[in-house]
2 protein chains.
Amino acid sequence: MKNLNDFTGLLHHLNRIGIALSSEKDLNRLLDLILREARSFVQADAGSLFLKQGEGLIFIAAQNETLDSGERDKKVQANYLGSFLPLSKESIAGYVAVTGEVLNILDAYHLPPEVSYRFFRTFDEENHYRTFSILAVPLRIPEGEIIGVLQLINALNEKKEPISFHESFEELVCSLASQAAVAIRNAMLLEEIQQAHLDTIFRLSKAAEYRDEDTEVHLRRVTGYTMVISGKLGLSSEEIGLLKYAAPMHDIGKLGVPDSVLLKPGKLTPEEFEQMKRHTLIGAKILEGSDQKLFQVAKEIALSHHEKFNGTGYPYGLKGEEIPFYGRIVALPDVFDALTSKRVYKPAFPVEQAVEMIREESGKHFDPVVVKAFLDSLEEIQQVKNREDQSSVTII
Amino acid sequence: MKNLNDFTGLLHHLNRIGIALSSEKDLNRLLDLILREARSFVQADAGSLFLKQGEGLIFIAAQNETLDSGERDKKVQANYLGSFLPLSKESIAGYVAVTGEVLNILDAYHLPPEVSYRFFRTFDEENHYRTFSILAVPLRIPEGEIIGVLQLINALNEKKEPISFHESFEELVCSLASQAAVAIRNAMLLEEIQQAHLDTIFRLSKAAEYRDEDTEVHLRRVTGYTMVISGKLGLSSEEIGLLKYAAPMHDIGKLGVPDSVLLKPGKLTPEEFEQMKRHTLIGAKILEGSDQKLFQVAKEIALSHHEKFNGTGYPYGLKGEEIPFYGRIVALPDVFDALTSKRVYKPAFPVEQAVEMIREESGKHFDPVVVKAFLDSLEEIQQVKNREDQSSVTII
């Protein structure tokens, strides 16, 4: 396939790459796939990807066969990821991004004196690498805009020695780069839309708690804990994805609880507590009747997150596995977060004490399987707590 | 490009088609583009697309150069769109969908006796068309699943006479069909995610109105009217898209209004009305502070949809163009829907009477520009009303 004389074979290959790139929805996996396919297409030892952001280029992905397979310090290499290049003709990637030209460089260390760009050797020096040939092409979307740059480094001959990139590769790699550009834009758009959806759920669910003392941070923490525990329980990434969207809606039914109950400062009377319990049923009513899996899961959680494993919960007093699994999961983070948060009627318990209280309730309030997953992931739970507590400082 | 000897040229062309298909997000435009590109690629007079749905194939798109450019009755042709074919080997498309084989047929009216499929002449007869050659290929996604069938009909020679499809086209058209399959799946996924987002907004905004007499149908009607008026005002499709998501959240701030005010059956005291007015400010607070354009627009609308053009509205008493444009737009549908709906304290006014009341308020309550756009689109407004009133029967 890599025989340049087999041009038809190469074009076929290119078509297959295009299809593969269009199919990858995850941006990070896509960037990796682009580099892998592009490198294998032209037999390049290394490659890197830059994406335009504002007035610069972000160094977003890199692969290096020699370094990745060697014993060298991968940390030095990783240090470069995320670094920022100005959009100027002084660097190779910058030049390509600004002009849209293809650069096919024979030896990065011996550039013609008249060119505006230079090669920065820092990476090579820190990694004991020697860059010879570079093929740098723009990532151009069909509308003409350049969204980034693909750099292929050190074409290899059959003996794995660096040679230059054959001229006839230029057009093929440009075509591959255009396919990559569209795929990147699509993946980013998808990510953006999914993020917008998630933001909507948090904002409007937070709004539902407007009348309550709970806050958006509570929702974020409960959702974060739920995802950690679900991961530990071995749920599929599809299921974890659903929980990410569904868990924040668990208390949406509080909307239907009268102010006189929801906002009452003192202890609730038995009648008021009965009214309060109805938030599970009201939530289910708000969320029911959708064809979408998301709302089916959200309804299940809203309805069952106050059931207890020993049958003493509400609204139905379900017991053990009668309680939907997702409800048994969310029940724990919801209580854990209430314990570790300050409320009008109680101080915030320290994490250690809250963990002990949860452990105590294994088989009583909570499903022992869920408690075990929780206890096995305390470190990640603490990380989520730190992250959300920190972000709350700026958000609220 | 259509010279079969220029195989390299064809492959290049195919690559460009792949990029174009990946860039099209709108499913209907995408289906059209696929047919157009595939037909021009192999010089076919006509083509059709079928997509799998459940246990059948839906006839989803069709093009026919001869018929489309002629004087014939296009309605007969359009009648076939949306029709359902069983997933069986008895039809040509069904055979390809079931077996995954390519069918390259010389003359549809003279099929070999041993084949399981037959050609249905109804369409030809009703349209006075004669189908000769057919190239039918599966739409296969990379994971292997067949999601539909692409049929190309009547390859033409330079004199526009029907000939058979050259064998060497088969592989190229299969490759094109694979690109089309991925693009279709991506467009459907995007549509699904956007639909899910919209559902979330409606469900949770409806939930916010749980305590109020307003319903999801009110939100849907107001949003529908808003889009009609915005279209008449010449807003861009991007802006109309934003309004579609933002308008349903206009009353989200009612969450912050106490039950004693929101649910009071009788007339509000001046103090209570002041509390009620605060739903605009509370809505803005719930929606503010986002980087997302959607929430910026939603906030603007929540805050300003009760301002009046003559400065007598609330919360700020803004006047004329001081009021954000989107707020001036949504103000009208919100009132129009209230007028034409039954409330505890009033009957539903007939549309004609409500229209007159709106016209009266041009330059007073409403921006005259918005009133004019509304009056110019009464027919579409009525259609939206009928559609949403009808759908409410099944939804609620």
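Since the structure is predicted, the reported quantities are computational estimates derived from the model, not experimental observations.

A. How the structure looks around the overall build of chain A. Secondary structure assignment for chain A yields 17 helices and 7 strands. Here chain A has a C-alpha radius of gyration of 28 Å; the compact-globule value for 396 residues is 21 Å, and the former is much larger. Principal-axis analysis of the C-alpha atoms places the extent of chain A at approximately 85 × 40 × 35 Å. A burial count over chain A gives 52% of its 396 residues as buried.

B. Here's a closer look at the domain arrangement of chain A. We note that the domain assignment places domain 1 (7-188) and domain 2 (209-395) within chain A. Summarising the inter-unit geometry, the C-alpha centres of domain 1 of chain A and domain 2 of chain A are found 46 Å apart.

C. Representation of the relation of the copies chain A and chain B in the model. Once turned by 180° and shifted 0.0 Å along the axis, chain A lies on chain B with an RMSD of 0.1 Å. On the angle and the small slide along the axis, the relation comes out as a two-fold axis. For chain A, the residue whose C-alpha comes nearest the rotation axis is histidine 197 of chain A, separated from it by 2.6 Å. Most of the interface of chain A is mirrored in chain B: 100% of its interface residues are interface residues there too.

D. Highlighting the packing of aromatic side chains. Considering all chains together, one arrives at 12 aromatic pairs over all chains under this definition. Summarising the aromatic geometry, the rings of phenylalanine 336 of chain B and phenylalanine 374 of chain B are spaced 5.1 Å apart at their centres and angled 65° between planes, so their arrangement reads as edge-to-face. Taken together, the residues span a long stretch of sequence, with phenylalanine 336 of chain B in helix H14 (residues 325-339) and phenylalanine 374 of chain B in helix H16 (residues 368-375) at a distance of 38 residues. The same class applies to phenylalanine 336 of chain B and to phenylalanine 374 of chain B, which are both buried. The ring of tyrosine 109 of chain A is capped by arginine 130 of chain A, whose NZ or CZ atom sits 3.7 Å from the centre of that ring.

E. Geometry of the side chain of serine 175 of chain B. With respect to the secondary-structure elements, serine 175 of chain B resides in helix H7 (residues 168-208). Look at serine 175 of chain B and you get buried, because its relative accessible area is 15%. Ignoring any residue separated from it by four or fewer positions in sequence, one finds serine 175 of chain B in contact with Asn15 and Ile19 of chain A together with Leu14 of chain B.

F. Spatial organisation of the pairing of strand E6 (residues 146-156) of chain A. All names here are of chain A. Counted residue by residue, E6 has 11 buried out of 11 residues, so it is predominantly covered. Judged from the 7 bridges that link them, strand E1 (residues 44-53) and E6 form a sheet pairing that is antiparallel. Bridge pairing in E6 places phenylalanine 50 opposite valine 149. As judged from the 7 bridges shared by strand E5 (residues 134-140) and E6, these two strands associate in the antiparallel manner.

G. Spotlight on the interface of chain A and chain B. Taken together, the 53 residues of chain A in the interface contact 53 residues of chain B. Together chain A and chain B conceal approximately 4500 Å² of surface at their shared face, both sides included; 64% is due to carbon and sulfur atoms. Summed over the shared surface of chain A and chain B, the number is 0 salt bridges. Counting across the interface, chain A meets chain B through 11 residue pairs in polar contact (both at pLDDT 80 or more). Elements with a minimum of two residues in the side of chain A that touches chain B: helix H1 (7-23), helix H7 (169-208), helix H12 (279-287) and helix H13 (293-304) of chain A. Residue composition of the side of chain A that touches chain B, grouped by class: 25 nonpolar, 18 polar and 10 charged.

H. Quick peek at the environment of leucine 27 of chain B. Residues and elements named next belong to chain B. Relative to the helices and strands, leucine 27 is located in helix H2 (residues 27-42). Considered as a pair, leucine 27 and methionine 249 are 222 residues apart in the sequence and their alpha carbons are 27 Å apart. Not counting residues up to four positions away in its chain, the partners in contact with leucine 27 are Ile184, Ala187, Met188 and Glu191.

I. Representation of the pairing of strand E2 (residues 56-64) of chain B. All names here are of chain B. Counting buried positions over the 9 residues of E2 gives 7, a clear majority of the element. In terms of strand pairing, strand E1 (residues 44-53) meets E2 through 8 bridges, oriented antiparallel. Considered in E2, the bridge of leucine 49 is made with alanine 61. Turn length for the E1-E2 hairpin, with the two strands adjacent in sequence and antiparallel, is 2 residues, and the turn residue glycine 54 shows positive phi of about 60°. Across 3 bridges, the pairing between E2 and strand E3 (residues 84-86) is antiparallel. Counterpart to isoleucine 58 in the pairing with E3 is phenylalanine 84.

J. Spatial organisation of the packing of helix H11 (residues 270-277) of chain B against helix H12 (residues 279-287) of chain B. All names here are of chain B. Two numbers describe how H11 lies on H12: the axes approach to 5 Å, and their chain directions differ by 25°. One element, H11, and the other, H12, form an angle in the roughly parallel class. Residue-level inspection shows Gln275, Met276 and Lys277 of H11 in contact with H12, the latter providing His279, Thr280 and Leu281.

K. Structural context of the pattern of salt bridges. Residue and element names in this part refer to chain A. In this structure the tally under the stated criterion is 28 salt bridges over all chains. The partner of arginine 359 in a salt bridge is glutamate 356, and the shortest N-O contact between them spans 3.2 Å. Of this pair, arginine 359 and glutamate 356 are both found in helix H15 (residues 351-360), 3 residues apart, which corresponds to roughly one turn of the helix.

L. Spotlight on the nonpolar core. Counting 92 residues, the largest nonpolar core has Leu287, Leu332 and Phe336 of chain A together with Leu287, Leu332 and Phe336 of chain B as its most contacted members. Ignoring any residue separated from it by four or fewer positions in sequence, one finds leucine 287 of chain B in contact with Arg203 and Leu204 of chain A together with Met249, Ile252, Phe295, Ala298, Lys299 and Ala302 of chain B. Counting 74 residues, the second largest nonpolar core, distinct from the first, contains Leu51 and Leu176 of chain A together with Ala61 and Ile147 of chain B.

M. Seen up close, the environment of glycine 283 of chain B. Residues and elements named next belong to chain B. If you trace the backbone, glycine 283 turns up in helix H12. As a C-alpha pair, glycine 283 and serine 236 span 47 residues in sequence and 26 Å in three-dimensional space. The contact partners of glycine 283, leaving out residues within four places of it in the chain, are Ile252, Gly253 and Ala302.

N. Layout of H12 of chain A. Residues and elements named next belong to chain A. For H12, a buried count of 7 out of 9 residues is recorded, marking the element as mostly surrounded by other parts of the structure. His279, Thr280, Ile282, Gly283, Ala284, Ile286 and Leu287 are the residues of H12 that are buried. At the exit of H12 stands glycine 289, carrying a positive phi of roughly 80°.

O. Inspection of helix H2 (residues 27-42) of chain A at higher detail. Residues and elements named next belong to chain A. For H2, built from 16 residues, the straight-helix expectation of 22 Å at 1.5 Å per residue is met to within 8% by its first-to-last C-alpha distance of 23 Å. Within the span of H2, buried status applies to Leu27, Leu30, Leu31, Leu33, Ile34, Leu35, Ala38, Arg39, Phe41 and Val42. Taking the backbone nitrogen of asparagine 28 as reference, a side-chain oxygen 3.3 Å away marks aspartate 26 as the first, capping residue of H2. Note on H2: the residue one or two positions beyond its end, glutamine 43, has a positive phi of about 55°.

Rules of the game
Residues numbered from 1 in each chain as written. Chains lettered and ligands numbered in written order. Predicted model: local features only at pLDDT ≥ 70, side-chain atom pairs only at ≥ 80, totals over all residues. Heavy atoms only, no water. Helix = DSSP H or I, 4+ residues; strand = E, 2+ residues; numbered from the N terminus. Rg over C-alpha atoms; globule rule 2.2 N^0.38 Å. Buried < 20%, exposed > 50% of the residue type's maximum accessible area, 1.4 Å probe, protein only. Domains from an automatic or database assignment. Least-squares fit on C-alpha atoms with pLDDT ≥ 70 in both. Contact = heavy atoms within 4.5 Å. Phe/Tyr/Trp six-rings, centres within 6.5 Å; stacked < 30°, edge-to-face > 60°. Lys NZ or Arg CZ within 6 Å of the ring centre and 35° of its normal. Pairing = 2+ DSSP bridges. Buried area = accessible area lost by both parts, 1.4 Å probe. Salt bridge = Lys/Arg side-chain N within 4 Å of Asp/Glu carboxyl O. Polar contact = N/O pair within 3.5 Å; in protein donor to acceptor, adjacent residues only side chain to side chain. Nonpolar A, V, L, I, M, F, W, Y, C, P; charged D, E, K, R; others polar. Axes fitted to C-alpha atoms, helices over the stretch in contact; angles between N-to-C directions. Parallel < 35°, antiparallel > 145°, perpendicular 65-115°, else oblique. Core = buried A, V, L, I, M, F, W, Y, C linked by side-chain atoms within 4.5 Å. Expected span 1.5 Å × (residues − 1).

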